[in-house]
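What follows is each chain in one-letter form.
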Amino acid sequence: MTSSGFSQVGRKTVELFYDVVSPYSWIGFELLCRYRHKWNIDLKFKPFFLGAIMHYSKNSPPGSNLHKGNYAGKDLHRLRSYCNIPLNAPSDVAEVMFVKGTLSAQRLLTAISMDLDDKAVEDVSRELWLRIWSKDKDITEADSLLAAATNAGIPMEKAKILLTRIKDQDVKDKLKERTETALSHGAFGAPTILVHVDGKAHMYFGSDRMPLIAHLLGEKYEGPLPELSKL
Ligand SMILES: N[C@@H](CCC(=O)N[C@@H](CS)C(=O)NCC(=O)O)C(=O)O
């Protein structure tokens with residue numbers, strides 16, 4: 001969809017539902033950013049709240065299972081060079097993911113999606129992932145969120161206003177609405193990707209579903225295109 005609400009002729013819409021707590025969402029995000037022009041898709045960023053997705057789908061994070069958690073650590077290390085995304089697990093993964101969480105960060109992204117544009121959502125999302133999943137930096141304190149926003153090019157005064165917006169009811173409601181939309185399509189984790197073709201939404205789970213998404217779109221998937229990395 002364009003800002004006027006209409007898709008450009010021939011462009012299919014792909015909605016990426018993600019939470020910056022999720023390293024696989026980062027991979028899905030970068031891969032779709034790399035492919036959006038090749039596939040001529042209208043890529044829409046939909047920050048949602050993974051904690052609520054897990055709760056309402058009665059799922060549990062892979063890290064809550066010892067073997068799955070250990071495997072995910074190795075998998076992400078392999079994906080780091082395969083995809084050319086500088087993934088590094090935080091020193092205390094459990095604290096970062098399950099104690100500190102990402103509710104404020106997801107509300108900030110929601111406020112940016114409401115008050116600014118897709119480019120700002122993209123750039124701040126990347127900055128947040130760089131902090132949490134590359135540099136082992138906090139994303140819960142006000143200063144941390146301001147640093148992510150300003151590093152992404154948002155002027156400090158505007159960033160401060162956006163930060164106050166995370167307490168506003170319309171922002172909370174929008175994040176809830178997006179999370180409910182994902183749940184209504186059967187979401188149980190992140191990334192959740194909705195591909196709209198011929199008036200129908202097709203739901204995919206995972207950053208590793210790109211070959212299937214390409215197939216649905218009638219396009220080619222040629223791997224993670226590490227040479228197009230923005231990182
Ligand atoms: N195979 C998927 C794994 C994605 C994944 O494990 N995502 C986590 C969040 S980081 C999740 O929501 N998992 C739910 C589940 O595995 O049921 C990929 O490569 O992207």
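Not measured: the values here are computed from a predicted model. (Residues numbered from 1 in each chain as written. Predicted model: local features only at pLDDT ≥ 70, side-chain atom pairs only at ≥ 80, totals over all residues. Heavy atoms only, no water.)

The subject of this paragraph is the overall build of the chain. A count of helical and extended segments in the chain gives 10 helices and 4 strands. Starting at the N terminus and ending at the C terminus, the chain contains elements arranged as β-α-β-α-α-α-α-α-α-α-α-β-β-α. By the compact-globule yardstick of 17 Å for 231 residues, the chain fits well, its C-alpha radius of gyration being 17 Å. Each principal axis of the C-alpha distribution contributes one length, and for the chain these read about 45 × 45 × 35 Å. By residue count, 47% of the 231 residues in the chain fall in the buried class. The long-range fraction of contacts in the chain, counting pairs at least 24 apart against all pairs at least 6 apart in sequence, stands at 72%. In the structure as shown, the chain presents an accessible area of about 11500 Å², 53% of it carried by carbon and sulfur atoms. The averaged location of the 28 negative side-chain charges in the chain is 3 Å from the averaged location of its 31 positive side-chain charges. (Helix = DSSP H or I, 4+ residues; strand = E, 2+ residues; numbered from the N terminus. Rg over C-alpha atoms; globule rule 2.2 N^0.38 Å. Buried < 20%, exposed > 50% of the residue type's maximum accessible area, 1.4 Å probe, protein only. Contact = heavy atoms within 4.5 Å. Areas by Shrake-Rupley, 256 points an atom, 1.4 Å probe, with all protein chains shown as cover. Lys, Arg positive; Asp, Glu negative; His and termini not counted. Charge placed at Lys NZ, Arg CZ, Asp CG, Glu CD.)

We now examine the site of the ligand. Around the ligand sit 13 residues, and of these Ser-22, Asn-59, Ala-190, Ser-207 and Asp-208 come closest. Take Asn-59: an N or O atom from its side chain is 2.8 Å from an oxygen atom of the ligand. One of the side-chain N or O atoms of Asp-208 is found 2.8 Å from a nitrogen atom in the ligand. Contact with the protein chains removes 82% of the 500 Å² of surface that the ligand exposes when unbound. Among the residues forming the shell around the ligand, the class breakdown is 7 nonpolar, 5 polar and 1 charged. (Near = heavy atom within 4 Å. Polar contact = N/O pair within 3.5 Å; in protein donor to acceptor, adjacent residues only side chain to side chain. Nonpolar A, V, L, I, M, F, W, Y, C, P; charged D, E, K, R; others polar.)

This part covers the sheet that holds strand 3 (residues 192-197). Spatially, the 4 strands line up as an open sheet ordered 2-1-3-4, and their pairing is mixed. What marks the edges here is a single partner per strand, and that holds for strand 2 (41-47) and strand 4 (200-205). Shown here is a sheet whose adjacent strand axes are inclined to one another by a mean of 20°, direction ignored. The pairing of strand 3 with strand 4 spans 6 bridges and is classified as antiparallel. Paired with Leu-194 across the bridge in strand 4 is Met-203. Strands in contact with helix 6 (residues 118-133) are strand 1 (12-18) and strand 2; relative to strand 2, the strand with the most contacts, it is inclined by about 55°. (Pairing = 2+ DSSP bridges. Axes fitted to C-alpha atoms, helices over the stretch in contact; angles between N-to-C directions.)

Inspection of the secondary structure assignment puts Arg-131 in helix 6. No salt bridge is formed by the buried Arg-131. Its closest oppositely charged neighbour is Asp-138, at 5.4 Å. Looking at Arg-131, its side chain comes within polar contact range of the main-chain oxygen of Asp-138, at 2.9 Å. Arg-131 has contacts with Asp-136, Lys-137, Asp-138, Ile-139, Ser-144, Ala-147 and Ala-148, leaving out every residue within four places of it along the chain. (Salt bridge = Lys/Arg side-chain N within 4 Å of Asp/Glu carboxyl O.)

Below, the discussion takes up the packing of aromatic side chains. According to the stated counting rule, one finds 10 aromatic pairs in the structure shown. Measuring from ring centre to ring centre gives 6.3 Å for Trp-26 and Trp-129, while their planes differ by 5°; the resulting arrangement is stacked. Here Trp-26 is found in helix 1 (residues 23-35), whereas its partner Trp-129 is found in helix 6, with 103 residues between them in sequence. The same class applies to Trp-26 and to Trp-129, which are both buried. (Phe/Tyr/Trp six-rings, centres within 6.5 Å; stacked < 30°, edge-to-face > 60°.)

Once that is clear, we can look at the pattern of salt bridges. A complete count under the given rule lists 15 salt bridges for this structure. Among the salt bridges present, the one from Asp-123 reaches Lys-119, with a minimum N-O distance of 2.5 Å. Here the residue Asp-123 and the residue Lys-119 both occupy positions in helix 6, the gap between them amounting to 4 residues, near one helical turn. Asp-123 gets classed as buried once you look at its relative accessible area, which sits at 17%.

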